Amino acid sequence: MSESVTIVGLGGSMRAASTSLTSLEIALEGAAAAGAKTQVFSIRELDLPMYTPEHSIPDAAQRLADAIAESQAMIWSSPTYQGSISGAMKNAIDWLILLAQREPPYLTNKPIGLMATAGGTHGLQSINAMEFCVRALRGWAVPLVLPVAHSGQIFDPEGRLTDDKVGGQLRALGAEVARAAFQFQGTGTCDYAERLQLQAQ
Ligand SMILES: Cc1cc2nc3c(=O)[nH]c(=O)nc-3n(C[C@H](O)[C@H](O)[C@H](O)COP(=O)(O)O)c2cc1C
């Protein structure tokens, strides 16, 4: 087993008291308790412009891409807007086109944990939308996901979680992503370079 894995969290909303950012931070605590190093990128703090191919590359997008390329796994956490992920979250994912020319490209070999907060019960739809993106980016969606429902009842107005049971579920998701990251690193059975070598033989 590899000595260390780094998990990059990406998520939250443009809102200061973001429940999806709080959820992401708690999940990363679970990942850290399971032995991973963690780094978080808040959508609000990234403040990315809308992606266009003609745009000069913003520092924030470059920092995000570099951190992801150096990492072994990610956790994504979006608010649910109109039955899917927010536009700001999708825009951040669109900026991951910056990983196209890396070797290996995009999110190859990386397990990605998915969670979403929702005022009602549509969170799983956001998770499914993110899973499409993970697959397009050649990542591996971790089977355990967490739609956090009824956010208005379990977060206070400052965006702090008030439900210990949900806190435990978020930490468990983080721990599961760490377990997957160690597994990918440790056995090498999912390794991209190894697969290319096999194809060349
Ligand atoms: C524009 C907008 C659209 C929303 N659409 C939905 C929805 O379709 N289904 C749902 O369950 N909650 C919906 N919500 C509620 C949010 O998912 C919920 O407040 C969530 O906790 C917001 O995440 P945040 O605190 O990170 O901003 C919507 C909220 C906004 C502002």
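Look up a bit, the structure's there.
In this report, we go over the structure that sits alongside the text. (Residues numbered from 1 in each chain as written. Predicted model: local features only at pLDDT ≥ 70, side-chain atom pairs only at ≥ 80, totals over all residues. Heavy atoms only, no water.)

## Description of the site of the ligand
Not every one of the 18 residues close to the ligand is listed here, only the nearest: Ser13, Arg15, Ser18, Ser20 and Thr80. Contact with the protein chains covers 74% of the free accessible surface of the ligand, which is 640 Å². For the shell around the ligand, the secondary-structure elements that each account for two or more residues are helix 1 (19-33) and strand 3 (73-81). Here the shell around the ligand takes three residues from strand 3, the largest share from any one element. Looking at the shell around the ligand, its residues break down into four nonpolar, 13 polar and one charged. (Near = heavy atom within 4 Å. Areas by Shrake-Rupley, 256 points an atom, 1.4 Å probe, with all protein chains shown as cover. Helix = DSSP H or I, 4+ residues; strand = E, 2+ residues; numbered from the N terminus. Nonpolar A, V, L, I, M, F, W, Y, C, P; charged D, E, K, R; others polar.)

## Some details on the side chain of Thr19
Along the chain, Thr19 falls in helix 1. By relative accessible area, Thr19 is classed as buried at 11%. In terms of polar contacts, Thr19 uses its side chain to reach the side chain of Thr117, at 3.1 Å. What Thr19 contacts, discounting residues up to four positions off in sequence, is Thr117, Ser151 and Phe155. (Buried < 20%, exposed > 50% of the residue type's maximum accessible area, 1.4 Å probe, protein only. Polar contact = N/O pair within 3.5 Å; in protein donor to acceptor, adjacent residues only side chain to side chain. Contact = heavy atoms within 4.5 Å.)

## Overview of the layout of surface pockets
Taken as a whole, the second largest pocket encloses approximately 150 Å³ of empty space. Lining the second largest pocket, in full, are Pro111, Trp140, Ala141, Val142, Pro143, Glu176, Arg179, Ala180, Gln183 and Phe184. Listing elements by their share of the lining of the second largest pocket, those giving two or more residues are strand 6 (140-141) and helix 7 (164-187). The element best represented in the lining of the second largest pocket is helix 7, accounting for five residues. Its residues placed into classes, the lining of the second largest pocket shows seven nonpolar, one polar and two charged. (1 Å grid on protein atoms, 1.4 Å probe; cavity = no way out; pocket = protein on both sides within 12 Å on 5 of 7 lines; lining within 4 Å. Points joined across faces, edges and corners; volume = space filled by probe spheres on them.)

## Observations concerning the pattern of salt bridges
Within this structure, the stated rule accounts for seven salt bridges. A salt bridge links Arg102 to Asp66, with the nearest nitrogen and oxygen atoms 2.6 Å apart. Here the residue Arg102 occupies a position in the loop between helix 4 (87-94) and strand 5 (111-117), and Asp66 occupies one in helix 3 (residues 59-70), the gap between them amounting to 36 residues. For Arg102, a relative accessible area of 27% corresponds to the partly exposed category. The closest approach of N and O atoms between Glu176 and Arg179, which form a salt bridge, is 3.0 Å. In this pair, Glu176 and Arg179 are both assigned in helix 7, three residues apart and thus about one turn of the helix distant. We classify Glu176 as partly exposed; its relative accessible area is 23%. (Salt bridge = Lys/Arg side-chain N within 4 Å of Asp/Glu carboxyl O.)

## Considerations on the pairing of strand 3
In terms of burial, strand 3 is a largely internal element, eight of the nine residues being buried. The sheet contact formed by strand 1 (residues 6-11) and strand 3 spans five bridges and is parallel. Following the sheet pairing, Val8 is matched in strand 3 by Met74. Judged from the six bridges that link them, strand 3 and strand 5 form a sheet pairing that is parallel. Its bridge partner lying in strand 5, Ile75 is registered against Gly113. Taken together, the two bridges between strand 3 and strand 4 (residues 84-85) define a ladder with antiparallel strand orientation. From the neighbouring strand, Tyr81 faces strand 4, where its bridge partner is Ser84. Counting the residues that bridge the hairpin from strand 3 to strand 4 gives two residues, and of these Gln82 lies at a positive phi of roughly 45°. (Pairing = 2+ DSSP bridges.)

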